[in-house]
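Here is how the chains run, residue by residue.
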Amino acid sequence: MTTDTTTVATGTPILHASGVTMRFGGLTAVRDVELSVNSGEIVGLIGPNGAGKTTFFNCLTGLYIPTEGTVSYKGNVLPHKSHLVTQAGIARTFQNIRLFANMTVLENVLVGRHTRTNEGLWSALLRTPGFKRAERASEARAMELLEFTGLAHKRDHLARNLPYGEQRKLEIARALASEPGLLLLDEPTAGMNPQETRAAEELIFAIRDQGIAVLVIEHDMRFIFNLCDRVTCLVQGEVLVEGSPSVVQSDERVVAAYLGTPFEGAPGAEEVAEVNAAEAAQADDAAHTSAPGTTSTTSTTGTEGDAK
Ligand SMILES: Nc1ncnc2c1ncn2[C@@H]1O[C@H](COP(=O)(O)OP(=O)(O)OP(=O)(O)O)[C@@H](O)[C@H]1O
């Protein structure tokens, strides 16, 4: 593993995964992974399909019990129960959208608040004044989050009727409803068009500006390198390289890790235009040997449509 030692930590470490290994029978999906996230940071987790990214997220969030290693949040080792991890301050979204399809937008966010409400069963059944106060406060906070994510006007729509990009936003709003200190996003732009992707980028910056650290898995390299303070690249379950976007982007092993995988497969219109321009410039150069050298357009940028 290579670590970019010039990277300046943004804040104090809040998440620390130490020696995390996850085996499924004979398959080691994640091997001895070290990763930290500091307060105020946006950290990217990249790697080809099957590299172990989602498995690692599942180890962080208590869905899987790592075969080896520990995960600490704000100095405390996290329990292997996802609701306790949420209570501790880590929220996540999933690669496959997991909304309550037949509930409204507002109701979905209210569900996300349940770890932050203390009212018990009896006060709910008897609808005590305390319960009603808590209910009003929860609804007010849920509406704030819908304003923040640009979904307030859809509060009474059923989740299943939202366009895809808005369903992803709603998942984020619901995750924020648990008032996390760290948000884990698993492929937040999968299936989005470029405009929606740009909006998602802005939303994640705004979340960071609210004091919430973010760890994000994504296959869209342009998105990752624009967004993140640091990036870790996993390959076959192991950390290949970790550092600033510029260091990771230019690491030949990262480029090689993507070559020959489906990730490289379907370039978008911009990539095609870039390649065409480079080829045209090269042809021009060959024709006019006195002309200055062509610009290298080597890039790891790409998009990927896989949705698990
Ligand atoms: N529950 C499981 N049981 C057995 N094998 C699993 C399980 N979950 C994941 N794997 C395997 O672990 C490896 C890592 O998978 P994982 O989904 O974590 O990769 P990934 O980097 O998230 O991939 P992608 O980018 O395609 O989402 C794969 O070989 C996968 O088949």
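Residues numbered from 1 in each chain as written. Predicted model: local features only at pLDDT ≥ 70, side-chain atom pairs only at ≥ 80, totals over all residues. Heavy atoms only, no water.

(A) Layout of the packing of aromatic side chains. Under the criterion given, the structure shown has 1 aromatic pair. Directly above the ring of Phe-94 sits Arg-98, whose terminal nitrogen or CZ lies 3.8 Å from the centroid. (Phe/Tyr/Trp six-rings, centres within 6.5 Å; stacked < 30°, edge-to-face > 60°. Lys NZ or Arg CZ within 6 Å of the ring centre and 35° of its normal.)

(B) Structural context of the packing of helix 6 (residues 164–176) against helix 7 (residues 194–209). For the pair helix 6 and helix 7, interaxial distance at closest approach is 11 Å and the crossing angle is 10 degrees. Accordingly, the angle class assigned to the pair helix 6 and helix 7 is roughly parallel. In this structure, helix 6 contributes Gly-165, Lys-169, Ile-172 and Leu-176 to the contact, and helix 7 contributes Glu-196, Leu-203 and Ile-207. (Axes fitted to C-alpha atoms, helices over the stretch in contact; angles between N-to-C directions. Helix = DSSP H or I, 4+ residues; strand = E, 2+ residues; numbered from the N terminus. Parallel < 35°, antiparallel > 145°, perpendicular 65-115°, else oblique. Contact = heavy atoms within 4.5 Å.)

(C) Region of the structure containing the environment of Ala-177. By the element assignment, Ala-177 lies in the loop between helix 6 and strand 8 (182–186). A sequence separation of 67 residues divides Ala-177 from Leu-110, and the C-alpha atoms of the two residues are 7.3 Å apart.

(D) Inspection of the sheet that holds strand 2 (residues 13–24) at higher detail. Spatially, the 4 strands line up as an open sheet ordered 3-2-5-6, and their pairing is antiparallel. Two strands close off the open sheet at either side, each with one partner strand: strand 3 (27–38) and strand 6 (76–77). Inspection of the sheet shows strand 5 (residues 68–73) paired to strand 6 by 2 bridges, in the antiparallel sense. From the neighbouring strand, Ser-72 faces strand 6, where its bridge partner is Val-77. Together, strand 2, strand 3 and strand 5 form the strand contacts of helix 1 (residues 53–60), whose direction differs from that of strand 2 by roughly 115 degrees. (Pairing = 2+ DSSP bridges.)

(E) Fine view of the confidence of the model for the chain. The pLDDT averaged across the chain works out to 82; a share of 75% of its residues lies at or above 70. Mean pLDDT in the chain bottoms out at strand 1 (residues 2–3), which sits at 43, and peaks at strand 9 (residues 213–217), which reaches 98. Ignoring residues within four places in sequence, the model shows residues 1–9, a span with pLDDT below 50, making 16 contacts including any to other chains. Confidence over residues 289–308 falls short of pLDDT 50; this stretch has 37 contacts with residues more than four positions distant or in other chains. (pLDDT = per-residue confidence, 0-100.)

(F) Inspection of the nonpolar core at higher detail. Ranked by internal contacts, the top residues of the largest apolar core, which has 44 residues, are Ile-46, Leu-146, Leu-170, Leu-183 and Val-216. Taken domain by domain, this core gets at least three of its residues from each of domain 1 (1–89 + 180–308) and domain 2 (101–163). When sequence neighbours within four positions are dropped, the list of residues in contact with Leu-170 reads Leu-99, Val-105, Asn-108, Val-109, Leu-146, Leu-151, Ala-159 and Leu-162. Formed by 28 residues, the second largest nonpolar core is a distinct cluster that contains Met-22, Leu-78, Leu-182 and Leu-215. (Core = buried A, V, L, I, M, F, W, Y, C linked by side-chain atoms within 4.5 Å. Buried < 20%, exposed > 50% of the residue type's maximum accessible area, 1.4 Å probe, protein only. Domains from an automatic or database assignment.)

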